[in-house]
Amino acid sequence: MKVSNSWKIRLGVVAVGTLALGLPLGPIAAQAGAQSDASDPCPFSNTLCLFERMEFGGEHFTVAPLIPGQGVCVDLVEHGWGGRAASAINTSTSSNAMFQSDDCTGQPMEIPTGSTPHLSFSPNSVFVS
């Protein structure tokens, strides 16, 4: 049986939410919809935390690959986060990338390790590694 790459990616990202973050099987977000904690807005390692407001405010969405260092494209539109991110924190040792498309194609915007308090556009997909 051949499994499509799209399914593999979804399974891999869902497994991160389940195994690495100790969340029940379901969405890839860690604390999706919760307000960020001002003292540590992105407390997870090797993740990309997206925030709906500049300066890491409002609701947040956290994503990471199943296997650190193995990149995966995440369709933010599919998870209700298309066009919502206004700032980001990358706690990975690798750069990640954001795209205006929902499939990680086109011109990427690099998100280096560290924080980006003001995104120049609101992404519809992210490539995390």
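Up top is the structure these notes are about.
Parameters and conventions
- Residues numbered from 1 in each chain as written.
- Predicted model: local features only at pLDDT ≥ 70, side-chain atom pairs only at ≥ 80, totals over all residues.
- Heavy atoms only, no water.
- Pairing = 2+ DSSP bridges.
- Helix = DSSP H or I, 4+ residues; strand = E, 2+ residues; numbered from the N terminus.
- Axes fitted to C-alpha atoms, helices over the stretch in contact; angles between N-to-C directions.
- Buried < 20%, exposed > 50% of the residue type's maximum accessible area, 1.4 Å probe, protein only.

Novice: What is the right way to read the sheet that holds strand S5 (residues 96–99) from this model?
Specialist: Sheet strands line up and pair through hydrogen bonds in the backbone, either parallel or antiparallel. Read from one edge of the open sheet, 4 strands run S3-S8-S5-S6, paired in antiparallel fashion. Each edge of the open sheet is held by one strand with a lone partner, namely strand S3 (72–75) and strand S6 (109–111). Sheet twist, expressed as the mean angle between neighbouring strand axes with direction ignored, is 25°. Sheet analysis places S5 next to strand S8 (residues 125–128), joined by 3 bridges and oriented antiparallel. Each residue of the ladder has a partner; that of methionine 98, found in S8, is valine 126.

Novice: Looking at this structure, I do not really get unusual backbone geometry. What am I missing?
Specialist: Peptide bonds are trans in most cases, and residues, glycine excluded, mostly fall at negative phi. Of note, the phi angle at phenylalanine 56 is positive, near 65°, even though the residue is not glycine. The residue phenylalanine 56 is located in the loop between strand S1 (48–53) and strand S2 (57–63) in this model. Its identity is not glycine, yet cysteine 104 carries a phi of approximately 60°, on the positive side. Tracing the sequence through the fold places cysteine 104 in the loop between S5 and S6. We classify cysteine 104 as buried; its relative accessible area is 15%.

Honestly, that's just the spatial picture; any functional story needs more than this.
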